[in-house]
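So you can see what is in the structure, the chains are spelled out below.
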Amino acid sequence: MSGERRVLDPSEEVGIYACGPTVYSRIHIGNARPFVVFSLLARFLKSEGYAARLAINVTDINDKIYTAAAERGIPSGELAREMTAAYFEDTGRLGLGRPDAEPLATDTIKPIVELISDLVESGNAYESGGDVYFSVRSFEGYGKLSHRPTETMEQGEGDDAGSLKRDPLDFALWKSHKEGEDTHWESPWGPGRPGWHIECSAMAEEVLGDLPFAIHGGGSDLVFPHHENEIAQSEAARGRPLAKVWMHNGMIETKAEKMSKSEGNIFQLSEALDRFGSEAVVAYLVSGHYRQPLAFGEEQLNEAVARVDRLRNFLRSNPPASAVADGGPLPPGNGPEAPGRGEGAHSGEAAHAVDRFRDALADDFNTPRAMSELFDFVRTANHEPVAGAGDAVVEMLWLVGLESLAEARQSGPDEGALGLLAEREQARADRNFDRADGLRDELAGLGWEVRDSAEGATLVPRNGG
RNA sequence: GGCGCCUUGGCGGAGUGGUUACGCAGCGGCCUGCAAAGCCGUGUACGCCGGUUCGACUCCGGCAGGCGCCUCCA
């Protein structure tokens, strides 16, 4: 809120609440950024010994859901369920596990109604024609997050509801049931549904407990009015701050323009995952600092693929001793027990690299700097073997959600391929290079890339597999 | 107009008052039968104009350009 960085108190639980998507369509890369950033932040904090708990909500009640459902001619609840499932599937494919809690607005109606009631009782909200509005002028600190004077603001969620407000600044906590809306809930003010902002205030304290919690996150486009309104609601109702620290991720941009559903310049997460693979998508998202805008394009994704291939190659020649390499999929959200700072079993040089990597993350979660430490170490260890290099790299990769690079994605070569490889080795020994190259091409056709080394030839799956 | 942010080499993207970020691409070389992988080397990078300073890409001021929010949006 002050724009300054803060040091977390290690003795307290670190509750993290990040605003998730509104589920009226499939999510795009931009929506994936906060999911990745805050999932990894929670992962990092846990590995540093903090009692971190991450909540990312799903907004499944919203005007846009009604509109989108009407266009498709299906019930809004059905659309919301479908898109919620798609969201879980798409983000699940990122391989980062799930947040500790993922509350739905539709499951939080009771706490929402209670919170609104508290605000009405305290005089910070009023009922008007079946709607309930938050009285912005009743809350002194309004505008402190986004640094705006109240005189310059006017908000109306949409359109015609303005006439029911006492003040144009006010925003809706509860909206009465309207014609054409196929879902509604009971409340002391009649049937209706919650406004957009109140759900987050209610869900956050439901899931994270007493205010304030440690970190509130979300996209920078939510600073005003969404987060400003959350602060107003929660602080007015509880007399305590909502969150201690606010972390806002920058926007993904195409051609220097924010990617957004309303701009129509979106690139769906599922398509990116299909075309470039989950590791490349994650590697792309950690390539910039979370606060800054990040340029998006196919070139950027292709670069991420190249980076990820480089790391995979390193792990092939520096296999980690830990179980990650030969084990199956990691337990969701957990992964290996990453050793804390300085506790690693690796040698000095490798341990120092991990420390520098962790230091970068500890400094306002600077993932690009952390990645530069990783690549620095990879180059060094490629130049001259370093003891424990594989384990160190896996630990670093785990911290940014890329530990799957240590797994063999495909089964090993079959006997046919190995036979061809043996034939090629024989041909080379006979200095019959035309024959050897022909066999290499044949293997390429089967999806194998031949790599010769001093220890002999090996087969590696093509296309990064 | 108000609030906030940004401008780094071909591209992406960190960072610091005085040493190479890092990655991708390019070029030259090493290794190799040839490749691949890897390694080494390489490109007067910090929008413009002033100021502070022994010294600024890094601090201050101004200018130009760009972006986000101010209506739903990660």
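None of the values given here were measured: they were computed from a predicted structure.

Rules used in this analysis
Each chain carries its own residue numbering, running from 1 in the direction its sequence is written. To read the labels, note that chains go from A and ligands from 1, taken in the order they are written. With pLDDT at 70 or above as the cut-off, local features in this predicted model cover only qualifying residues; side-chain atom pairs require 80 or more to be listed or tallied, and sums for whole chains, interfaces and linings still use all residues. With hydrogens and water excluded, all non-hydrogen atoms of the structure serve as input to the side-chain values. Strands are labelled as partners when DSSP assigns at least two bridges between them. Where helices and strands are cited, they refer to DSSP runs of H or I of at least four residues and of E of at least two residues respectively, numbered from the N terminus. Axes here refer to lines fitted to C-alpha atoms; in helices the fit is confined to the stretch in contact. Angles between the N-to-C directions go from 0 to 180 degrees. Contact criterion: two residues are considered in contact whenever any of their non-hydrogen atoms come within 4.5 Å of each other. For Phe, Tyr and Trp, rings pair up if their centres lie within 6.5 Å, where Trp contributes its six-membered ring, and each pair is then called stacked (planes under 30 degrees apart), edge-to-face (over 60) or tilted (otherwise). For each residue, the accessible area found with a 1.4 Å probe, counting protein chains only, is set against the maximum for its type, and the residue is called buried under 20%, exposed over 50%, and partly exposed in between. A ring is considered to have a charge above it if a Lys NZ or an Arg CZ atom is located within 6 Å of its centre and within 35 degrees of its normal. With respect to orientation, any angle under 35 degrees is reported as roughly parallel, any angle over 145 as roughly antiparallel, any angle of 65 to 115 as roughly perpendicular, and every other angle as oblique. By definition, turning the near helix anticlockwise from the far helix through less than a right angle yields a left-handed crossing, and turning it clockwise yields a right-handed one. Following the grouping adopted for this structure description, the nonpolar residues are Ala, Val, Leu, Ile, Met, Phe, Trp, Tyr, Cys and Pro, the charged ones are Asp, Glu, Lys and Arg, and the polar ones are all others, Gly among them. The predictor's confidence in any single residue is recorded as pLDDT, a number from 0 to 100. Salt bridges, as used here, are contacts in which a Lys or Arg side-chain nitrogen is within 4 Å of a carboxyl oxygen on Asp or Glu. Where a domain begins and ends is set by an automatic assignment or by a domain database.

Student: Would you take a moment to explain the sheet that holds strand β1 (residues 14-18) for this structure?
Tutor: By definition, the strands of a sheet pair up through backbone hydrogen bonds, in either a parallel or an antiparallel sense. As summarised here, the arrangement of the 4 strands in space is β2-β1-β7-β8, forming an open sheet in which the pairing is parallel. The open sheet terminates on both sides in strands that have one partner only, identified here as β2 (52-56) and β8 (243-249). For this sheet, the mean inter-axis angle between neighbouring strands, taken without regard to orientation, is 20°. In this structure, β1 lies alongside β2, joined through 5 bridges in parallel fashion. Bridging from a neighbouring strand, tyrosine 17 pairs with alanine 55 of β2. Running over the sheet, helix α6 (residues 223-238) touches β7 (213-219) and β8 and is turned about 155° from β7.

Student: Sorry if this is basic, but what is going on with the packing of aromatic side chains here?
Tutor: The final tally for this structure, using the stated rule, is 9 aromatic pairs. Between the aromatic rings of tryptophan 174 and tryptophan 189, the centroid separation amounts to 6.0 Å while the plane-to-plane angle is 55°, which identifies the pairing as tilted. Linking tryptophan 174 in strand β5 (residues 171-176) with tryptophan 189 in the loop between β5 and β6 (192-194), this pair joins segments that are 15 residues apart in sequence. Considered together, tryptophan 174 and tryptophan 189 belong to a single accessibility category, that of buried residues. An aromatic cluster of at least three residues, connected via ring pairs, comprises Phe35, Tyr87 and Phe88. Over the face of the ring belonging to tyrosine 126 we find arginine 166, whose NZ or CZ atom lies 3.9 Å from the ring centre.

Student: How do you make sense of the packing of helix α10 (residues 348-362) against helix α11 (residues 367-383) when you look at a structure like this?
Tutor: Each pair of packed helices can be summarised by the angle the axes make with each other and by the distance between the axes. At their nearest, the axes of α10 and α11 sit 7 Å apart, and the two run at 165° to each other. With respect to their mutual orientation, α10 and α11 come out roughly antiparallel. The two elements α10 and α11 meet at a crossing, and its hand is right-handed. Contact residues: Glu349, Ala350, Ala353, Arg356, Phe357, Asp359, Ala360 and Leu361 in α10; Thr367, Arg369, Ala370, Met371, Glu373, Leu374, Phe377 and Thr380 in α11. Within the contact of α10 with α11, the residues separate by chemical class into 9 nonpolar, 2 polar and 5 charged.

Student: Just to check I follow, could you spell out the pairing of β7 for this structure?
Tutor: Here is the key point about a regular strand: its side chains alternate between the two faces of the sheet. Taken across its 7 residues, β7 has 7 buried, putting it largely inside the fold. Note that β1 and β7 share 3 bridges and pair parallel. Counted as the bridge partner of tyrosine 17 is histidine 216 from β7. Pairing of β7 with β8 involves 6 bridges; the strand directions are parallel. Residue pairing across strands places isoleucine 215 opposite valine 245, the latter belonging to β8.

Student: What should I look at first to understand the confidence of the model for chain A in this one?
Tutor: Low-confidence regions, as indicated by low pLDDT, have predicted coordinates that should not be scrutinised in detail. Counting all residues, the mean pLDDT for chain A is 88, and 89% of those residues have values of 70 or more. Ignoring residues within four places in sequence, the model shows residues 157-161, a span with pLDDT below 50, making 5 contacts including any to other chains. Under the prediction, the complex receives an ipTM of 0.94, its pTM being 0.92.

Student: When you look at the pattern of salt bridges in this model, what are you seeing that I'm missing?
Tutor: When the charged atoms of two side chains with opposite charge come close together, those side chains can pair. Scanning all chains against the criterion turns up 33 salt bridges. The partner of lysine 144 in a salt bridge is glutamate 235, and the shortest N-O contact between them spans 2.8 Å. One end of the pair, lysine 144, is in the loop between β4 (131-134) and β5; the other, glutamate 235, is in helix α6, and 91 residues separate them in sequence. According to the relative accessible area criterion, lysine 144 is partly exposed, its value standing at 29%. Residue glutamate 235 is classed as buried on the basis of its relative accessible area of 19%. With its nearest N and O atoms 2.7 Å apart, the salt bridge here joins glutamate 205 to arginine 238. On the criterion of sequence distance, the pair formed by glutamate 205 in helix α5 (residues 196-208) and arginine 238 in helix α6 is long-range, its members being 33 residues apart.

Student: Hey, could you run me through the packing of helix α2 (residues 63-72) against helix α3 (residues 76-92) in this one?
Tutor: Closest axis-to-axis distance for the α2/α3 pair is 8 Å, and the angle between their directions is 105°. By the angle class used here, α2 and α3 are roughly perpendicular. Of the residues in α3, those in contact with Ile65, Tyr66, Ala68, Ala69 and Arg72 of α2 are Ser76, Leu79, Ala80, Glu82 and Met83. Class assignment for the residues of the contact of α2 with α3 results in 7 nonpolar, 1 polar and 2 charged.

Student: Can you help me understand the domain arrangement of chain A in this one?
Tutor: Note: interface size is frequently given as the accessible area lost on complex formation between the parts. Taken as a whole, chain A is organised into domain 1 (14-249), domain 2 (257-406) and domain 3 (415-461). Computed over C-alpha atoms only, the centres of domain 1 and domain 3 are separated by 58 Å.

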